[in-house]
Amino acid sequence: MSEDMVKDGYEEIVNVDISTVAIDMMRRKYEHVPQLKYMQMDVRDMSFFPDESFDAVIDKGTLDSLMCGANAPLCAGQMLGEVSRLLKNGGVYMLITYGDPTARMPHLSRPVFNWKIELYIIPRPGIQKPGDSCSNVKSYLEPIPLTEKGLLPADYVMEDPDAHFIYICKKIDERVELSDKSADL
């Protein structure tokens, strides 16, 4: 994915994995692409980086992996805390997962992270809504409204049980948030 991002014009991409083997393999494979940096690191402790180091963090499977291990809630909280710490105000954490809101929102919606969360559901290619034409593509580009508890509405129908859930978590600038509230008083 990050290799394609370079083709799209991104200039500096840091890839992190806990596996030294995976990192060494990717370093060798993309040694000719200076925009890509590969670092062996545990996402639960990324203290190598200072606070607010990144504009965006993209997660395609890392949280899912932690959720399958021992102490899943603790490990997820550690990782998400590090992601929140590393994001600049206004930065975005994009989580691409098979985890539906009942499994992911309890972790993502913790107030300490101060994220505004939008959910998108992307079905597998070729899956179409029953009786619909290809005009539905636009609907996949609009966020799914969630309930106050951060869940899918009771009447929401999943078209594809194997869809990807895309959570866009934008870090809210607390200073702006506070000044907006005081202006309303």
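Before reading on, note that the structure itself is shown above.
The model shown is predicted, which means the values in this text are computed figures rather than measured ones.

(A) Here's a closer look at the overall build of the chain. The number of helices and strands found in the chain is seven helices and six strands. Listed by position from the N terminus, the elements making up the chain come as α-β-α-β-β-α-α-β-α-β-α-β-α. Taking all 185 residues of the chain together, 35% fall into the buried category. In the chain, the proportion of contacts linking residues at least 24 apart, taken out of those at least 6 apart, comes to 71%. For the chain, the exposed surface amounts to about 11700 Å²; the carbon and sulfur share of it is 56%.

(B) Structural view of helix α4 (residues 72-86). For α4, which comprises 15 residues, the first-to-last C-alpha distance of 21 Å matches the rise-based estimate of 21 Å (1.5 Å per residue) to within 8%. Residues of α4 that are buried make contact with β3 (54-60), α3 (62-67), β4 (87-97), α5 (101-108), β5 (115-122) and β6 (164-171).

(C) Spotlight on the packing of aromatic side chains. For the coordinates displayed, the defined rule picks out four aromatic pairs. Both rings, one in phenylalanine 49 and one in phenylalanine 54, keep their centres 5.0 Å apart while their planes meet at 80 degrees; by these two values the pair is edge-to-face. Phenylalanine 54 matches phenylalanine 49 in its accessibility class, with the two residues each being buried. An aromatic cluster is defined as three or more aromatic residues linked by ring pairs; in this entry it consists of Phe48, Phe49 and Phe54.

(D) A look at unusual backbone geometry. Phi is positive for glutamate 52, which is not a glycine, with a value near 50 degrees. Assignment of secondary structure puts glutamate 52 in the loop between β2 (36-40) and β3. Looking at glutamate 52, the relative accessible area reads 41%, which means it is partly exposed. Within the chain, asparagine 114 stands out as a residue other than glycine whose phi angle is a positive 55 degrees. Mapped onto the elements, asparagine 114 comes out in the loop between α5 and β5.

(E) Spatial organisation of the side chain of serine 84. Following the sequence through the fold, serine 84 ends up in helix α4. Residue classification places serine 84 among the buried positions, given a relative accessible area of 7%. Beyond its immediate stretch of four places on either side in the chain, serine 84 contacts Val112, Phe113, Trp115 and Lys171.

(F) Geometry of the sheet that holds β6. In space, the four strands of this open sheet follow the order β3-β4-β6-β5, with mixed pairing throughout. Only two strands of the sheet have a single neighbouring strand rather than two, namely β3 and β5. The average angle at which neighbouring strand axes cross in this sheet is 15 degrees, direction not considered. Of the strands in this sheet, β3, β4, β5 and β6 touch α4, which is tilted by about 140 degrees from β4. Sheet strands touched by α5: β4, β5 and β6. Its angle to β6, the strand with the most contacts, is close to 15 degrees.

(G) Inspection of the nonpolar core at higher detail. Membership of the largest hydrophobic core comes to 30 residues, with the highest contact counts inside it found for Val83, Tyr93, Leu108, Trp115 and Tyr167. Elements with a minimum of two residues in this core: β3, α3, α4, β4, α5, β5 and β6. The next biggest cluster of nonpolar side chains, apart from the first, holds eight residues, and it includes Met5, Ile13, Ile23 and Val33.

(H) Local environment of the pattern of salt bridges. Within the structure shown, the criterion is met by ten salt bridges. Between aspartate 24 and arginine 27 there is a salt bridge whose closest N-O contact spans 3.5 Å. With a gap of three residues between them, aspartate 24 and arginine 27 both fall in helix α2 (residues 20-29), about one helical turn apart. Assessed through its relative accessible area of 39%, arginine 27 is described here as partly exposed.

Cut-offs applied
- Residues numbered from 1 in each chain as written.
- Predicted model: local features only at pLDDT ≥ 70, side-chain atom pairs only at ≥ 80, totals over all residues.
- Heavy atoms only, no water.
- Helix = DSSP H or I, 4+ residues; strand = E, 2+ residues; numbered from the N terminus.
- Buried < 20%, exposed > 50% of the residue type's maximum accessible area, 1.4 Å probe, protein only.
- Contact = heavy atoms within 4.5 Å.
- Areas by Shrake-Rupley, 256 points an atom, 1.4 Å probe, with all protein chains shown as cover.
- Expected span 1.5 Å × (residues − 1).
- Phe/Tyr/Trp six-rings, centres within 6.5 Å; stacked < 30°, edge-to-face > 60°.
- Pairing = 2+ DSSP bridges.
- Axes fitted to C-alpha atoms, helices over the stretch in contact; angles between N-to-C directions.
- Core = buried A, V, L, I, M, F, W, Y, C linked by side-chain atoms within 4.5 Å.
- Salt bridge = Lys/Arg side-chain N within 4 Å of Asp/Glu carboxyl O.

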